[in-house]
Amino acid sequence: MSSRFIVGIDLGTTNCAVGYVDTASPESRIESLPIPQLVEPGRVAERAALPSFLYLAGEHDVRPGELALPWVSDQDFAVGEFA
């Protein structure tokens, strides 16, 4: 049995990206997988790449909850575009 999707991950020093091919599609095109990330305080959006940056928020840098993500609400850091 073969897999339906072929996935490739680029873990770059500046950006990370994910691509895939749906082998069930007659076109078999390489598609970019959008990566949800914090793009500004309190706002999550999908982007084609995840910048390889880490923002460690200080005590007075952002208001409570502004670094929250849909899957984790209590963090004091951010990765990606906002970082």
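The following refers to the structure shown. (Residues numbered from 1 in each chain as written. Predicted model: local features only at pLDDT ≥ 70, side-chain atom pairs only at ≥ 80, totals over all residues. Heavy atoms only, no water.)

**Re the overall build of the chain**
In step 1: Scanning the chain from N- to C-terminus turns up zero helices and eight strands.
In step 2: Computed over the C-alpha atoms, the radius of gyration of the chain is 16 Å, more than 25% above the 12 Å expected from 2.2 N^0.38 for a compact globule of 83 residues.
In step 3: Counting only C-alpha atoms, the chain reaches 50 × 25 × 20 Å along its principal axes.
In step 4: Long-range pairs, those at least 24 residues apart, make up 37% of the contacts in the chain between residues at least 6 apart in sequence.
In step 5: Accessible area of the chain: about 6000 Å², with a carbon and sulfur share of 56%.
In step 6: For the chain, the distance from the average site of its 5 positive side-chain charges to the average site of its 12 negative ones is 8 Å. (Helix = DSSP H or I, 4+ residues; strand = E, 2+ residues; numbered from the N terminus. Rg over C-alpha atoms; globule rule 2.2 N^0.38 Å. Contact = heavy atoms within 4.5 Å. Areas by Shrake-Rupley, 256 points an atom, 1.4 Å probe, with all protein chains shown as cover. Lys, Arg positive; Asp, Glu negative; His and termini not counted. Charge placed at Lys NZ, Arg CZ, Asp CG, Glu CD.)

**Here we look at the nonpolar core**
In step 1: Counting residues in hydrophobic clusters, the biggest one holds six residues: L38, A57, V62, L67, L69 and A78.
In step 2: The residues contacting L69, other than those within four sequence positions of it, are L38, V44 and Q75. (Core = buried A, V, L, I, M, F, W, Y, C linked by side-chain atoms within 4.5 Å. Buried < 20%, exposed > 50% of the residue type's maximum accessible area, 1.4 Å probe, protein only.)

**Structural notes on the pairing of strand 2 (residues 15–22)**
In step 1: Note: strand 1 (residues 5–11) against strand 2, seven bridges, orientation antiparallel. Paired with V7 across the two strands is Y20, which belongs to strand 2.
In step 2: Connecting the antiparallel pair strand 1 and strand 2 is a turn made up of three residues.
In step 3: Pairing between strand 2 and strand 6 (residues 50–51): two bridges, direction antiparallel. Residue C16 lies in a different strand from strand 6, and its bridge partner there is L50.
In step 4: Where strand 2 and strand 3 (residues 30–32) come together, three bridges link them in antiparallel fashion. Paired with Y20 across the strands is E31, a residue of strand 3. (Pairing = 2+ DSSP bridges.)

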